[in-house]
Amino acid sequence: MRNLNAELTRLKQQGLYRQRRILDSATGIYAHADGREVISFCSNDYLGLANHPDVVKAMQTGTDHWGVGSGASHLVNGHTAAHHALEEELAAFTGRPRTLLFSTGYMANLGVIAALCGRGDYVFEDRLNHASLLDGGLLSQARLQRYAHGDSAALETQLARRDSGEKLVVTDGVFSMDGDIAPLPELAAAAKDHNAWLMVDDAHGFGVLGATGGGTVAHFGLGMDEVPILIGTLGKAFGSFGAFVAGAEELIEFLIQKARPYIYTTALPPAVAEATRASLKLLQTENWRRDKLQRLIQRFRSGAAELGLTLMDSYTPIQPLLIGDNDRAVALSQALLKQGILIGAIRPPTVPEGSARLRITFSAAHREVDVDQLLTVLEMAA
Ligand SMILES: *Cc1c(COP(=O)(O)O)cnc(C)c1O
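### With respect to the sheet that holds strand 5 (residues 143-147)
Phase 1: Ordered in space as 3-9-8-7-6-4-5, the seven strands form an open sheet in which the pairing is mixed. Bordering the open sheet on either side are strand 3 (98-102) and strand 5, each of which pairs with just one other strand. With direction set aside, neighbouring strand axes in the sheet form an average angle of 20 degrees.
Phase 2: Judged from the five bridges that link them, strand 3 and strand 9 (residues 243-247) form a sheet pairing that is antiparallel. Residue Leu100 lies in a different strand from strand 9, and its bridge partner there is Val245.
Phase 3: Helix-sheet contacts for helix 4 (residues 81-94) involve strand 3, strand 8 (229-233) and strand 9, and the interaxial angle to strand 3 is about 130 degrees.
Phase 4: Of the strands in this sheet, strand 4 (122-126), strand 5, strand 6 (167-172) and strand 7 (197-201) touch helix 6 (residues 131-140), which is tilted by about 165 degrees from strand 4.

The structure is reproduced here in structure tokens:
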């Protein structure tokens, strides 16, 4: 039997041991963590909607009407009018014929990749794709080929070598640990040239990019021809929970038949769908949230540059500070916490070896003084 204690000790020695912090306040910028008041810079609630009164109210009204649990999977008896209305509203939002709700983004990614590809097929993935996309590739049993980060020429070369089987190109829209944006027009052209599908997981783009929050595809002005499979998660800028796939009628019908993580799991609580419908309205209409976010990002980047901190090439709310060494990243995160700033240290295997970092994220709920406070503390600690 495996010696679990020895393995845990080794993780500690390598600076890779992970521990959960206990939060005892609602999701938000001002949090109570590990017994102290902190300003949080590590949530994915980019627009500040997770605790918005309209969204909270919609969930309360939803539970009054629907109860708590959905009671069954979508195909058995769990697909309510609340889920269905949300799917239709997400279809209108993404400008695609249909969408399909999944219980989490992780499951959507496993479900789509493994439904579309199998033995004898090829899945091409950016090296820095989210773990759930890589796991989807592995689960599918297709040959998984990883291409250099954001490198459409490298992808093109790999695609050209394969002339049999299904080919599926998979990328994050906004890379979750780096904050940069995938070169979707070039990836779409490469995929089209080689008769491959393109699947974009825009967990961090929806709500943040595009004039009305349409995400990375809206940012580049791409439609379903270029990006036939579009994934969104609802736990980030939507401030809620769950995920969706958007695409053609036949894609969605096929997934309903074949995607096992769709079929064999309980449907989201309907009240969560109601809350998400409320957040979708705010996300599309309250442009000031996106504008404010951009102002905060600019303020941070110019302040950090003045301090001589090394920023990454990101113009999204994900603004990592590259540290390198695991222990140093953790020590820095702990030093910041003592000064009331909550930022997580991200270590391998979430990021490549030697690239541990502080992953700073901004939210429209932050104030300019919060950014200034962050810069002051970084200047002292770094
Ligand atoms: C968070 C995330 C997911 C997982 O979504 P969940 O709904 O949290 O399971 C998938 N892909 C990317 C790129 C993510 O950042």
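Resuming the write-up.
### Some words on the domain arrangement of the protein chain
When the parts come together, some accessible area is lost, and that loss is often what is quoted as the size of the interface.
Phase 1: By domain assignment, the protein chain separates into domain 1 (22-47 + 287-381) and domain 2 (53-285).
Phase 2: Relative placement of domain 1 and domain 2: their C-alpha centres are 26 Å apart.
Phase 3: Listed per partner, the contact involves 21 residues of domain 1 and 22 residues of domain 2.
Phase 4: The closest approach of N and O atoms between Arg357 and Asp178, which form a salt bridge, is 2.9 Å.
Phase 5: Where domain 1 touches domain 2, the interface holds ten residue pairs in polar contact (both at pLDDT 80 or more).
Phase 6: Secondary structure elements with two or more residues in the side of domain 1 that touches domain 2: helix 13 (287-306), strand 10 (318-324) and strand 13 (356-361).
Phase 7: Broken down by element, the residue count for the side of domain 1 that touches domain 2 peaks at three residues, all from helix 13.
Phase 8: Its residues placed into classes, the side of domain 1 that touches domain 2 shows eleven nonpolar, five polar and five charged.

### Quick word on the nonpolar core
Phase 1: Counting residues in each nonpolar core, the largest one holds 74 residues, and the members touching the most others are Val169, Phe238, Phe300, Ile360, Phe362 and Leu374.
Phase 2: It is helix 12 (residues 270-285) that provides the largest number of residues to this core, a total of seven residues.
Phase 3: Among the domains, domain 1 (22-47 + 287-381) and domain 2 (53-285) are the pair contributing at least three residues each to this core.
Phase 4: Counting residues in hydrophobic clusters, the runner-up holds 26 residues, among them Met107, Ile113, Met199 and Leu255.

The rules behind the values
Residues numbered from 1 in each chain as written. Predicted model: local features only at pLDDT ≥ 70, side-chain atom pairs only at ≥ 80, totals over all residues. Heavy atoms only, no water. Pairing = 2+ DSSP bridges. Helix = DSSP H or I, 4+ residues; strand = E, 2+ residues; numbered from the N terminus. Axes fitted to C-alpha atoms, helices over the stretch in contact; angles between N-to-C directions. Contact = heavy atoms within 4.5 Å. Domains from an automatic or database assignment. Salt bridge = Lys/Arg side-chain N within 4 Å of Asp/Glu carboxyl O. Polar contact = N/O pair within 3.5 Å; in protein donor to acceptor, adjacent residues only side chain to side chain. Nonpolar A, V, L, I, M, F, W, Y, C, P; charged D, E, K, R; others polar. Core = buried A, V, L, I, M, F, W, Y, C linked by side-chain atoms within 4.5 Å. Buried < 20%, exposed > 50% of the residue type's maximum accessible area, 1.4 Å probe, protein only.

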